[in-house]
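In case you want the letters, here they are:
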Amino acid sequence: MKFIADLHIHSHYSRATSKTLDPERLSIWAQKKGIALIGTGDFTHPGWVSELNDKLIETEEGLYQLRPQLQKKVSSQVPPSCRGNTRFLLSGEISCIYKKGGRTRKLHHLILMPHMSSVIRFNERLDRIGNISSDGRPILGIDSRDLLEIVLETDERAFFIPAHIWTPWFSLFGSKSGFDAIEECFEDLTSHIHALETGLSSDPPMNRCLSVLDRYVLVSNSDAHSPGKLGREANMFDTDLDYDHVIRAMTDGRGFGGTIEFFPEEGKYHLDGHRKCRIRLEPQETIELEGLCPVCQRPLTVGVLNRVHQLSDRDSPQLSKDFVSLIPLPEVLSELLGCGPATKKVTGLYERLISQVGPELEILMNAPLTKLKQAGGPVLAEAVRRMRRNQVIREGGYDGQFGVMRLFEKSEREAIAGQMALFAHQTPKPIRKGNTPSFRD
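Residues numbered from 1 in each chain as written. Predicted model: local features only at pLDDT ≥ 70, side-chain atom pairs only at ≥ 80, totals over all residues. Heavy atoms only, no water.

### A closer look at the overall build of the protein chain
Looking only at helices and strands, one finds 16 helices and 17 strands in the protein chain. On C-alpha atoms alone, the protein chain measures out to a radius of gyration of 22 Å, which is about the 22 Å that the 2.2 N^0.38 rule sets for 441 residues. Taken along its principal axes, the extent of the C-alpha atoms in the protein chain is 65 × 60 × 40 Å. Across the 441 residues of the protein chain, 57% fall into the buried class. Sequence-distant contacts in the protein chain: of pairs separated by 6 or more residues, those separated by 24 or more amount to 71%. Total accessible area computed for the protein chain in this model is approximately 18600 Å², and 49% of it derives from carbon and sulfur atoms. Treating the 56 positive side-chain charges of the protein chain as one cloud and the 57 negative ones as another, the clouds have centres 7 Å apart. (Helix = DSSP H or I, 4+ residues; strand = E, 2+ residues; numbered from the N terminus. Rg over C-alpha atoms; globule rule 2.2 N^0.38 Å. Buried < 20%, exposed > 50% of the residue type's maximum accessible area, 1.4 Å probe, protein only. Contact = heavy atoms within 4.5 Å. Areas by Shrake-Rupley, 256 points an atom, 1.4 Å probe, with all protein chains shown as cover. Lys, Arg positive; Asp, Glu negative; His and termini not counted. Charge placed at Lys NZ, Arg CZ, Asp CG, Glu CD.)

### Considering a positive patch on the surface
A contiguous patch of positive charge on the surface is contributed by Lys-268, Arg-275, Lys-276 and Arg-298. Mapped onto the elements of the fold, Lys-276 is located in the loop between β13 (272-274) and β14 (279-281). (Patch = residues over 30% accessible without salt bridge, like charges linked within 9 Å, V, L, I, M, F, W, Y side chains within 5 Å. Salt bridge = Lys/Arg side-chain N within 4 Å of Asp/Glu carboxyl O.)

### What to know about the pairing of strand β5 (residues 87-100)
The element β5 is extensively covered by neighbouring structure, given that 12 of its 14 residues are classed as buried. Where strand β2 (residues 37-39) and β5 come together, three bridges link them in parallel fashion. When the sheet's bridge partners are listed, Gly-39 is paired in β5 with Leu-89. With 11 bridges joining them, β5 and strand β6 (residues 103-113) adopt antiparallel strand pairing. Note that in β6 the partner of Glu-93 across the bridge is Leu-110. Between the antiparallel neighbours β5 and β6 lie two residues, among them Gly-101 with a positive phi of about 60 degrees. Alignment of β5 against strand β7 (residues 139-140), held across two bridges, turns out to be parallel. Within the sheet, the bridge partner assigned to Cys-96 lies in β7 and is Leu-140. (Pairing = 2+ DSSP bridges.)

### Quick notes on the confidence of the model for the protein chain
Scored by pLDDT, the protein chain comes out at a mean of 94, with 95% of its residues at no less than 70. Low confidence marks residues 427-441, where pLDDT is under 50. Its contacts with residues over four positions away, or in another chain, come to 32 contacts. (pLDDT = per-residue confidence, 0-100.)

### What to know about the packing of helix α1 (residues 23-33) against helix α3 (residues 68-75)
Their axes nearest at 10 Å, the elements α1 and α3 cross at an angle of 50 degrees. Comparing their axes, α3 and α1 come out oblique. The handedness of the crossing between α1 and α3 is right-handed. The residues of α3 that touch α1, namely those facing Glu-24, Ser-27, Ile-28 and Gln-31, are Leu-70, Gln-71 and Val-74. (Axes fitted to C-alpha atoms, helices over the stretch in contact; angles between N-to-C directions. Parallel < 35°, antiparallel > 145°, perpendicular 65-115°, else oblique. Left-handed = near helix turned anticlockwise from the far one by under 90°.)

Okay, structure coming up:
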């Protein structure tokens, strides 16, 4: 079966996350997005493990769902056009900070486990190394190679994915604290790494300019810090919905359909720069400045695009899987309505659209433009048409500042805002429910 999965998220036990990140609201938003399988996130935190045990039951091998009474309550809060039965897969992220090769290394890793008993054994090991109760994403002074060894010793079916591998500050290839090669990090255990998470600031074409990554499956996840951010990046599977088939697809690529991506320029570390000085630079400009900010003369934060260029050995990518680049629907509506993505105007129209058309990812990827025109007006249909054709105006993110994606020129926006304002107040006409989502661009 075809389904979408987002395996790297967080709970309300992680720092700088929404207090609404509980299993119920995660399920609600997964359905609104069109995601069948989500990670639990934060499975190293005792409080979150206790909450998961209280609220989830095992269904298919290695997967979980809400208990029936909670599922019934959740379903009443989801439009009929979006309803499904969300599955959870046990997942957690760990931050490793340690010294290796004469440098301080800071890397984040995503770990997947098949059973709660494995999670408990794993947490008992980690509890002897550091504090796993202070944050849903614990910081441990352990070498990444040694963490991988503990994961493998805990459960041979566990799966280890280096997270957002290009982020400057906390990743495998990060410009500030990472490595130049996977083998430098994982040494004799490198063969146990099968998948790499590309992160919001890169996409498959960028990664596939490195021949050393050819043997790895590239995955994408949202790393969501609030329920509404689920699915901003995700994975497409065509396999049985259970733990082993999902892991196998990310190991050898069979049954892995590809990824749903941010436009990489929207990621907050895509370009080089210095946010305090409002300096944003392309890689060649950074080279010409010898890596120093032209305003304060301090070192620039070297972004993902530059780092990929440093390590790549191809002029053009060799793609092995499909991918689709999207702008989240609230951001599209924000541009069209001329107000923030969290405003009542945007959230009201968002709820209306998913109620009439279906989940957000179906709207962005597959829904016929005629249906979108009927549900949201001709301007919305034109916006989605442009996005699907990559006709996007891009202002790249840098040094922790998200980029901005636009679908219309400045000269078009006044007319657009007027048309959308008129349409937003019209009484919607009922439309027939569409077919099951496909994965065409």
